[in-house]
Amino acid sequence: RHTPTPPEQLARNSSQTFPLDTTATNESAAPADMSAPPQSTMSKLKANLGAVDWSVGSFMLLNFCSSVGIVITNKIVMDKYGFKFATTLTFTHFVMTFLCLCLSALFGVFKIKKLPIMKVAKLAAGSMGFVVLTNLSLQYNSIGFYQIMKVMTTPTVIIIEALFFQKYLDGKLRLSIIPICLGVILTSATDYRLNLVGTLYAVAGVIVTSFYQIWSGTLQKSLECDALQLQFYAAPLSAIFILPFIPLFDNLRFNDPASVWNFAYTPTNIGLIFSTGMIAFLVNISIFLVIGKSSALTYNILGHAKTCFVLINDFAFFGRPLDIQNTAGILCAMTGVFWYTHLKLEKARMEQEAKDASSGAKEGAELTTVSPAPESNESPVKASTPRGVNSEAELLVPAPQGQVQGFNERADNDKTA
């Protein structure tokens, strides 16, 4: 039975403000913020620069400088001082990397973590395969085809990540890869002669190098270790794996005056070889740092940028002839590099903004849930509701005194009957 609400209670209910009204007002006002004018290109660039992770930028700068430095010092050691034993030099680099990591751990730079040898061994095997197959590709192919196959590492990384790791690249990022690869090919490739054996070595080198770069990042995540902890195991294993291949590429015959044993060692060239090992230590750890904090694809793009920088230095300081093909290639590649960088920074900025908005909304919800309701001396009253809609609301509304008395009299009569 519906009980009519007293006039004074209706007046009190009519003065109340319900949260539903506030919500409706906010929802209707929300589209007004979305109609703001779009950001200009310069404002987007500034916003994207604000999303830069400077730790990743410092690792990239370290890799950039150390890679350029290792190219220059290796060139001096091999060309100027005649130390032509590239595989032996690579072995020395792995040994120096391990020794420097031991010193770093001794001085507390990082803590040595126990890692499964078998899982790290595949990474070391990939490092060894990269060195060996690259040398074989250079030995059996022309310089132009060798450079083209090195560029093919970038699309191979994209394909492997999609097929085996379910990691897919956005459409715009895929488009930005095209001018990078095309520009590097135009700039560095002039002779495209190839043969079957050299092609097989080159293709195998591209595949092994791609897996090596991908594993450098995935193992850091799966083993929950950092770049230094992973390299502490990978460097000595790589040195061990490359030992059997030294006699294949370098002259180790004791009776041959041109062998590595009969090289005219001096304090100067020994110091230079030692310096290449120190720089190789920085290269090796920076590779893992960059890939671990970004991706194997980003490391490839950084490598193409380094190639263009080295070529520009050759044109500017070492008298390399500059023609239309080289100029167009450098401009094309660097355009792709800047485009890729812009897209990656924009994606990072949008993800950070979404994360901040989500955390802000979560904090607001927690504050709303925790805050206590205001105390009131009045009895709980709800607004009058049509009959049958909310029986609980009808029970909470007090009935006039006369009606209560009438109900009690009828109940007594029923009991008497």
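1. Section: the overall build of the protein
And then number 1: For the protein, the count of helices and strands is 17 helices and zero strands.
And then number 2: The burial tally for the protein puts 38% of its 417 residues in the buried class.
And then number 3: Of the contacts made within the protein by residues no fewer than 6 positions apart, 84% connect residues no fewer than 24 positions apart.

2. Quick word on the nonpolar core
And then number 1: Grouped together as the largest cluster of nonpolar side chains are 35 residues, with contacts concentrated most on Leu101, Leu115, Val120, Leu123, Leu223, Leu230 and Phe288.
And then number 2: Looking at this core, the elements that each hand over two or more residues are helix H4 (54-80), helix H5 (86-106), helix H6 (117-140), helix H10 (196-222), helix H11 (227-242), helix H13 (267-293) and helix H14 (296-317).
And then number 3: Sequence-distant contacts of Phe288, defined by excluding residues within four places in its chain, comprise Leu123, Tyr212, Ser216, Gln220, Ala227, Leu230, Gln231 and Ala234.
And then number 4: In this structure, Val151, Ile301, Ala305 and Tyr340 belong to the second largest nonpolar core, which totals 22 residues.

3. Digging into the packing of aromatic side chains
And then number 1: Considering all chains together, one arrives at 14 aromatic pairs under this definition.
And then number 2: With centroids separated by 6.3 Å and ring planes inclined at 65 degrees, the aromatic side chains of Phe110 and Phe232 adopt a geometry described as edge-to-face. Placement of Phe110 in the loop between H5 and H6 and of Phe232 in helix H11 is noted, with a sequence separation of 122 residues between them. Each member of the pair, Phe110 together with Phe232, is buried.
And then number 3: Grouping aromatic residues by their ring pairs yields a cluster made of Phe83, Phe85, Phe263 and Tyr265.

4. Examining H11
And then number 1: In this model, H11 (16 residues) spans 21 Å end to end at C-alpha, consistent with the 22 Å of a helix rising 1.5 Å per residue.
And then number 2: A large share of H11 lies buried, amounting to 13 of its 16 residues.
And then number 3: The backbone nitrogen of Leu228 has a side-chain oxygen 3.2 Å away, supplied by the residue at the start of H11, namely Asp226.

5. Side note on the packing of H13 against H14
And then number 1: It is the contact of H13 with H14, at a shortest axis distance of 7 Å, that shows an interaxial angle of 125 degrees. With respect to their mutual orientation, H13 and H14 come out oblique. Touching Ile287, Val290 and Ile291 of H13 are Ala296, Tyr299 and Leu302, all from H14.
And then number 2: Residues that form the contact of H13 with H14 fall into these classes: six nonpolar, no polar and no charged.

6. With respect to the pattern of salt bridges
And then number 1: Under the definition given, this model contains three salt bridges.
And then number 2: With a shortest N-O distance of 3.6 Å, Lys75 and Asp79 are connected by a salt bridge. Placement of the pair is Lys75 and Asp79 together in helix H4, with a separation of four residues, close to one helical turn.
And then number 3: Overall, the relative accessible area of 54% leaves Lys75 in the exposed class.
And then number 4: Asp79 is the salt-bridge partner of Lys84, the closest N and O atoms lying 3.5 Å from each other.
And then number 5: The class for Lys84 is exposed, based on a relative accessible area of 52%.
And then number 6: Assessed through its relative accessible area of 49%, Asp79 is described here as partly exposed.
And then number 7: The network of salt bridges with shared partners includes Lys75, Asp79 and Lys84.

7. Concerning the packing of H10 against H13
And then number 1: Viewed as axis vectors pointing N to C, H10 and H13 meet at an angle of 70 degrees, and their least axial separation amounts to 8 Å. In terms of axis orientation, H10 runs roughly perpendicular to H13. Judged by the twist between their axes, the crossing of H10 over H13 is right-handed. Contacts between H10 and H13 involve Tyr212, Gln213, Ser216, Gly217, Gln220 and Lys221 from the former and Phe288, Ile291 and Gly292 from the latter.
And then number 2: Split by residue class, the contact of H10 with H13 holds three nonpolar, five polar and one charged.

8. Looking at the environment of Tyr168
And then number 1: Relative to the helices and strands, Tyr168 resides in the loop between helix H8 (153-164) and helix H9 (171-188).
And then number 2: Each C-alpha atom, one on Tyr168 and one on Ile158, is 7.6 Å from the other, the two residues being ten residues apart in sequence.

9. Description of the confidence of the model for the protein
And then number 1: Scored by pLDDT, the protein has a mean of 77; 71% of the residues are at 70 or more.
And then number 2: Per-residue pLDDT stays below 50 along residues 378-400; that stretch engages in 31 contacts with residues further than four places along the chain or on separate chains.

10. Some remarks on the side chain of Asn284
And then number 1: Here Asn284 is to be found in helix H13.
And then number 2: Beyond its immediate stretch of four places on either side in the chain, Asn284 contacts His93, Phe94, Thr97 and Gln231.

11. Looking at a nonpolar patch on the surface
And then number 1: A surface patch of nonpolar side chains, amounting to about 490 Å² of accessible area, comprises Leu103, Leu106, Phe107 and Val109.
And then number 2: Tracing the backbone shows Leu103 in helix H5.

Cut-offs applied
- Residues numbered from 1 in each chain as written.
- Predicted model: local features only at pLDDT ≥ 70, side-chain atom pairs only at ≥ 80, totals over all residues.
- Heavy atoms only, no water.
- Helix = DSSP H or I, 4+ residues; strand = E, 2+ residues; numbered from the N terminus.
- Buried < 20%, exposed > 50% of the residue type's maximum accessible area, 1.4 Å probe, protein only.
- Contact = heavy atoms within 4.5 Å.
- Core = buried A, V, L, I, M, F, W, Y, C linked by side-chain atoms within 4.5 Å.
- Phe/Tyr/Trp six-rings, centres within 6.5 Å; stacked < 30°, edge-to-face > 60°.
- Expected span 1.5 Å × (residues − 1).
- Polar contact = N/O pair within 3.5 Å; in protein donor to acceptor, adjacent residues only side chain to side chain.
- Axes fitted to C-alpha atoms, helices over the stretch in contact; angles between N-to-C directions.
- Parallel < 35°, antiparallel > 145°, perpendicular 65-115°, else oblique.
- Nonpolar A, V, L, I, M, F, W, Y, C, P; charged D, E, K, R; others polar.
- Salt bridge = Lys/Arg side-chain N within 4 Å of Asp/Glu carboxyl O.
- Left-handed = near helix turned anticlockwise from the far one by under 90°.
- pLDDT = per-residue confidence, 0-100.
- Patch = residues over 30% accessible without salt bridge, like charges linked within 9 Å, V, L, I, M, F, W, Y side chains within 5 Å.
- Areas by Shrake-Rupley, 256 points an atom, 1.4 Å probe, with all protein chains shown as cover.

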